[in-house]
Amino acid sequence: MADVMPEIPSLRLPALHASHSGCWLAAPDGSTRGLSRGEAIMASAETPLLMLNAPLVASRLGYPELSGLDLLELFAFIHPARFMVPTPKGLAHALNLPEPDGEADVPLLLSRAAAALFAHCEADDWAEREGAWSVLQSLARHGWPWAGLLAPHVKRPEKAERWVFAKLPEWEERAPRPQPAQMVLDPDAVADRLEELTGEGAERREGQRDYARAAAHVFGPRRERGQPNMLLAEAGTGVGKTLGYLAPASLWSQQAGGTVWVSTFTKALQRQLRRESRRAWHEDPTRETPAVVVRKGRDNYLCLLNLEDALQGGFSGRPAVFAQLVARWAAFSEDGDMVGGDLPGWLPTLFRRRGLAALTDRRGECVYAGCPHFRKCFIERAARHSAHADLVIANHALVMVHAARAQSGNGHREEGAATRPARIVFDEGHHLFDAADSTFAAQLSGSEAIEMRRWVLGPETGSGKAKSGRRRGLSARLADVASYDEAASKAIADARDAAALLPADGWLGRINEGQPLGPLEDLLAHVRRVTHSRDESASNEAGYGIETEAVELDGPFLEAAATGRDALARLRQPLMRLGARLDALIASDKEDAPDWLDGQTRQRIEGARHALSWRTDTLTGWEALLARMGGPADPDFVDWLAVERAEAREFDIAIHRRWLDPMKPFAVTVLEPAHGVMQTSATLCDRSPVPKDAIGDEGREPDWARAVARSGAGHLDLHPKLAEAASPFDYAAQAEVLIVTDIPRGNIGALAAAYGRLIEQSGGGVLGLFTAIRRLRAVHARIADRLARGGLPLYAQHVDPIDTGTLVDIFRDDPRASLLGTDALRDGVDVPGESLRLVVMEQVPWPKPSILHRARRAAHAAQFEAPRQQFDDAIVRARLAQAFGRLIRSRGDRGHFVVLSAAFPSRLLSAFPAGTPIHRLTLDEALQRLGSRVFCESTGQNTEEQKG
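The rules behind each value
- Residues numbered from 1 in each chain as written.
- Predicted model: local features only at pLDDT ≥ 70, side-chain atom pairs only at ≥ 80, totals over all residues.
- Heavy atoms only, no water.
- Helix = DSSP H or I, 4+ residues; strand = E, 2+ residues; numbered from the N terminus.
- Rg over C-alpha atoms; globule rule 2.2 N^0.38 Å.
- Buried < 20%, exposed > 50% of the residue type's maximum accessible area, 1.4 Å probe, protein only.
- Contact = heavy atoms within 4.5 Å.
- Lys, Arg positive; Asp, Glu negative; His and termini not counted.
- Charge placed at Lys NZ, Arg CZ, Asp CG, Glu CD.
- Axes fitted to C-alpha atoms, helices over the stretch in contact; angles between N-to-C directions.
- Parallel < 35°, antiparallel > 145°, perpendicular 65-115°, else oblique.
- Nonpolar A, V, L, I, M, F, W, Y, C, P; charged D, E, K, R; others polar.
- Expected span 1.5 Å × (residues − 1).
- Polar contact = N/O pair within 3.5 Å; in protein donor to acceptor, adjacent residues only side chain to side chain.
- Pairing = 2+ DSSP bridges.
- Core = buried A, V, L, I, M, F, W, Y, C linked by side-chain atoms within 4.5 Å.
- Phe/Tyr/Trp six-rings, centres within 6.5 Å; stacked < 30°, edge-to-face > 60°.
- Patch = residues over 30% accessible without salt bridge, like charges linked within 9 Å, V, L, I, M, F, W, Y side chains within 5 Å.
- Areas by Shrake-Rupley, 256 points an atom, 1.4 Å probe, with all protein chains shown as cover.
- Salt bridge = Lys/Arg side-chain N within 4 Å of Asp/Glu carboxyl O.

Caption draft 1: Geometry of the overall build of the protein. Scanning the protein from terminus to terminus reveals 37 helices and 23 strands. Taking 948 residues into account, the globule formula puts the C-alpha radius of gyration at 30 Å, and the protein, at 29 Å, falls close to it. With the principal axes as the frame, the protein shows a C-alpha extent of 85 × 75 × 65 Å. Taken over 948 residues, the protein has a buried fraction of 55%. Long-range contacts, defined as pairs at least 24 residues apart, comprise 76% of the intrachain contacts of the protein with a sequence gap of at least 6. Charged side chains in the protein number 114 positive and 125 negative. The centres of these two groups are separated by 2 Å.

If you want it as structure tokens, here you go:
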């Protein structure tokens with residue numbers, strides 16, 4: 001340890017640290033010893049131990065029942081809404097303590113960190129003191145192990161502390177924002193704004209300036225209704241596209257007085273945008289609402305009514321502790337965002353994520369204005385602030401849903417056509433097709449149907465009686481209406497009778513036993529029967545889901561589909577009658593309204609109308625899906641049956657419908673009403689190899705035709721403006737691609753050995769990307785302990801009980817750490833510098849040969865008169881380009897990109913930036929190049945070795 005460490009006080013409690021390299025226990029007197037995993041488990045069972053991230057320690061010990069004094073929980077109590085990297089190094093930095101010299105020193109650090117946190121509670125400058133004493137009393141009643149130890153250090157306040165719901169500010173209604181002025185941005189003014197944002201002394205990049213000027217196109221006046229100004233812009237990594245489009249966006253919003261929406265696919269980019277936007281929109285104390293607002297789906301935000309339910313007895317045990325810590329956080333949170341906001345991503349994982357879903361509105365049960373916390377609701381505040389913001393940062397799905405609701409008139413009254421996104425920048429535009437695919441999909445499944453039942457009837461116990469609590473179903477939420485309005489009461493009663501025909505708890509077990517209950521369970525049983533009978537995938541061993549086309553269905557299936565459709569119609573009809581009755585009540589003048597329709601009831605009815613509209617739309621879609629069973633195929637759609645499985649366990653049964661081209665509804669819903677739309681990405685275009693004499697030495701060119709087709713522009717006969725800005729990086733000097741040819745496909749032992757040797761040779765800093773979770777886990781299990789003993793920690797998605805965002809934070813914070821993951825780490829991960837110097841892909845990321853993929857491949861071949869293989873190749877090149885883009889994030893980065901595949905086709909090499917050296921070689925040769933850190937000189941063309 002460092003010389004200053006003994007001067008730091010410690011908490012006289014035993015502390016345990018466990019990793020893949022071993023276990024260490026510090027006694028109360030400060031002495032530390034190593035011990036076996038068995039001894040560590042026995043020690044933890046005898047007395048509460050200090051530890052950091054108990055679920056991770058439990059995973060390392062192989063002892064899921066482990067519990068103790070978790071310093072992360074203590075940190076979350078003392079510093080709510082403050083993030084720290086949940087590692088010994090991160091803890092030391094957060095508390096200004098010296099880092100431990102080695103893992104054997106970590107237990108003593110934990111003791112000193114606990115003492116430091118206790119001392120902070122006694123300090124006069126504890127910024128988060130308010131409410132701490134009251135929450136601590138509640139935590140003590142729930143048996144929080146820290147409560148008794150912490151109590152002497154948290155002074156009782158002289159005055160009673162306000163409950164969290166009394167602390168939160170109320171939002172205010174404001175007059176609608178005027179229509180923005182029509183104007184054309186001056187190119188020189190855009191360039192000047194860009195220089196202002198990049199800062200004095202920053203390098204002047206002409207590619208970024210050209211990109212910013214091109215982005216100004218989407219902010220000009222629209223010439224024709226339904227014909228927005230549209231730009232497709234590809235900007236290579238390092239161009240600086242974020243500031244490139246924020247420059248014209250901020251200039252236009254300032255001069256025109258309008259709102260710009262920037263939509264992303266990943267939460268990481270949303271966080272980056274929030275930081276970058278502060279350059280363009282400085283804090284303005286005179287402004288009544290924020291200039292920049294982050295918007296997400298409702299299920300990302302804390303629901304205050306759910307929190308109140310949890311705090312008043314709805315939760316018990318560990319979930320109750322979690323609810324109290326969330327209450328502490330809510331009082332200090334900037335926006336109430338529980339997923340990617342200022343709630344530390346590691347906090348829910350400490351409680352195995354129990355309670356997280358119950359504290360958000362994930363079932364569409366919001367009562368809107370009928371909620372007692374409506375005026376303080378985080379979601380409502382964000383919605384109203386976004387209507388007056390200059391910049392709204394959102395995600396692709398939310399923008400599409402928001403536009404669809406504004407178009408249909410079923411949206412929130414604060415989010416109608418007047419606040420519809422009209423000028424939109426879709427960053428990470430290469431994900432737009434997939435986002436639209438999910439947003440406009442229809443799915444009738446057992447899990448979806450049972451949620452519909454619960455929404456109408458409320459959750460049920462084994463005896464069939466409804467549980468108490470807020471979620472008691474439709475009749476409880478509209479009890480006052482049912483009591484006084486006969487028509488509404490009759491509609492609710494009919495809806496309850498019809499909902500009883502939907503799948504109930506235990507539906508999957510009954511189907512597996514051949515005893516389905518009700519018409520929908522019977523239909524799902526036929527879906528399972530047909531799917532299993534046609535399966536040719538041999539996926540029973542692999543544990544993947546199975547599927548089959550919804551064609552040539554037999555008589556029993558069609559009869560079950562017709563009966564199921566009738567059951568759905570039986571539910572939809574009373575819900576529509578109820579909606580019409582509620583509309584009539586709300587529309588009635590105060591003089592003509594019944595006596596019982598007071599202001600609070602009217603607000604509750606307004607909230608119920610939104611939920612009813614959503615549910616009836618869902619039922620209508622399900623009915624349409626079943627109506628097509630056995631009929632002629634619709635060329636716009638792809639329908640199939642599926643049994644969803646994970647690790648050989650069935651968890652759902654479904655009938656799916658997807659648009660063959662989801663950009664068709666996207667064009668009508670999002671593009672057509674907009675005034676300006678920009679789609680941008682570093683990998684917007686495919687770059688398929690073409691003859692050299694056609695374009696010169698590079699052997700590749702951007703496929704704008706495919707990019708335009710995937711943008712949705714063709715469905716409106718739009719001809720978008722195209723722009724391209726090349727990456728400023730010298731890839732020939734900064735990176736190499738190594739294709740390793742001697743790792744046998746399917747040999748897990750050889751694959752694990754290759755990963756282990758590559759990580760050792762690189763000294764960590766490795767991002768390993770897998771196409772299958774099963775192989776990821778197998779590789780991790782074989783090499784994690786050995787690497788850790790060499791001082792090279794290895795983390796993994798789907799193995800470590802840590803959320804993905806926190807895993808990336810840990811990886812970024814430690815240059816000797818490595819991280820294994822799947823698709824979520826292939827894109828949107830920004831780790832510049834020494835922390836990421838080697839990317840390894842375990843094989844070519846071919847697309848899964850699903851029914852939907854097959855249909856789209858055939859449609860692509862017909863549209864472009866091209867071989868079907870080109871469709872697959874374009875997908876793979878995009879995935880390779882996205883993965884390669886993780887490697888070089890700044891001019892100072894150096895690194896290698898390794899693919900462990902002997903059968904890597906040369907036609908895929910154009911995925912990599914022009915000039916990047918590419919070598920086919922053995923693993924030993926690859927290790928030698930890693931060790932020598934040799935990078936080829938820029939030649940401007942591929943060599944014979946590169947072409948392979």
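Okay, back to it.
Caption draft 2: Quick peek at the packing of helix α34 (residues 851–864) against helix α35 (residues 869–884). Their axes nearest at 8 Å, the elements α34 and α35 cross at an angle of 110°. Between α34 and α35, the angle falls in the class roughly perpendicular. Residue-level inspection shows His-853, Arg-856, Arg-857 and His-860 of α34 in contact with α35, the latter providing Phe-871, Asp-872 and Ile-875. Taken together, the residues of the contact of α34 with α35 sort by class into two nonpolar, two polar and three charged.

Caption draft 3: A look at helix α25 (residues 555–587). Its 33 residues give α25 an end-to-end C-alpha distance of 47 Å, which sits within 8% of 48 Å, the value for a rise of 1.5 Å per residue. At the N-terminal boundary of α25, the capping side chain belongs to Asp-554, with an oxygen 3.0 Å from the backbone nitrogen of Phe-557.

Caption draft 4: Highlighting the sheet that holds strand β14 (residues 649–659). Spatially, β11-β14-β13-β12 is the arrangement adopted by the four strands of the open sheet, whose pairing is antiparallel. Each edge of the open sheet carries a strand with a single partner, namely β11 (442–445) and β12 (546–549). Taking the axes of each pair of neighbouring strands and ignoring which way they run, one obtains an average angle of 20° across the sheet. Bridge analysis of β11 against β14 gives four bridges, and the strand direction is antiparallel. Along β14, the bridge assignment pairs Leu-444 with Ile-655.

Caption draft 5: How the structure looks around the sheet that holds strand β22 (residues 895–900). Overall, parallel pairing links the seven strands, which are arranged β19-β20-β18-β21-β22-β17-β23 in an open sheet. Either end of the sheet is taken by a strand with one partner, and the two such strands are β19 (794–796) and β23 (918–921). Ignoring which end each strand starts from, the neighbouring axes of this sheet average 20° apart. Contacting β18 (766–769), β19 and β20 (818–821), helix α33 (residues 804–813) crosses the sheet at an angle of about 150° to β20.

Caption draft 6: Spotlight on the nonpolar core. Core analysis: the biggest nonpolar cluster contains 70 residues, and Leu-71, Phe-77, Trp-146 and Leu-302 have the highest contact counts within it. Filtering out sequence-adjacent residues up to four positions away, Leu-302 remains in contact with Leu-307, Val-326, Trp-329, Ala-330, Gly-336, Met-338, Leu-359 and Phe-378. Among the nonpolar cores identified, the runner-up in size contains 50 residues, and Ile-511, Leu-571, Ile-605 and Met-629 belong to it.

Caption draft 7: Structural detail: the pairing of strand β3 (residues 32–35). By the bridge criterion, four bridges tie strand β2 (residues 22–26) to β3 in an arrangement that is antiparallel. Looking at the pairing, Leu-25 lines up with Arg-33 of β3.

Caption draft 8: Representation of the environment of Gln-928 in the model. Following the sequence through the fold, Gln-928 ends up in helix α36 (residues 923–932). Classification of Gln-928 by relative accessible area gives exposed; the value is 60%.

Caption draft 9: Representation of the side chain of His-17. Secondary-structure assignment places His-17 in strand β1 (residues 15–19). Looking at His-17, its side chain comes within polar contact range of the side chain of Glu-103, at 2.9 Å. Once residues lying within four places of it in the same chain are set aside, the contact partners of His-17 are Gly-22, Cys-23, Trp-24, Pro-88, Glu-103, Val-106 and Pro-107.

Caption draft 10: Structural detail: the packing of aromatic side chains. Following the criterion strictly, the structure yields 14 aromatic pairs and no others. Between Phe-322 and Phe-351 the ring centres are 5.3 Å apart and the planes differ by 45°, which places this aromatic pair in the tilted class. Of this pair, Phe-322 sits in helix α14 (residues 318–330) while Phe-351 sits in the loop between α15 (346–350) and α16 (378–387), and the two are 29 residues apart along the sequence. Grouped by ring-pair contacts, the aromatic residues Phe-729, Tyr-731, Phe-884, Phe-897 and Phe-912 constitute a single cluster.

Caption draft 11: Expanded view of the pairing of β14. Burial runs high along β14: nine of the 11 residues are buried. Where strand β13 (residues 637–646) meets β14, 10 bridges bridge the pair, whose relative direction is antiparallel. The residue of β14 that forms the bridge with Val-638 is Arg-658. The loop that links β13 with its antiparallel partner β14 comprises two residues; one of these, Glu-647, has a positive phi angle of about 55°.

Caption draft 12: Examining the side chain of Lys-296 more closely. With respect to the secondary-structure elements, Lys-296 resides in the loop between β8 (292–294) and α13 (304–314). Using a relative accessible area of 5% as the deciding quantity, one classes Lys-296 as buried. Engagement of the side chain of Lys-296 in a polar contact is seen with the backbone oxygen of Val-339, the distance being 2.8 Å. Among residues more than four places away in sequence, those in contact with Lys-296 are Lys-267, Gln-270, Tyr-301, Asp-337, Val-339, Gly-340, Gly-341, Asn-395 and Leu-398.

Caption draft 13: Highlighting a positive patch on the surface. On the surface, Lys-267, Arg-271, Arg-275 and Arg-278 cluster together to form a positively charged patch. On the secondary structure map, Arg-278 appears in helix α12 (residues 267–280).

Nothing here speaks to function; it is all geometry.
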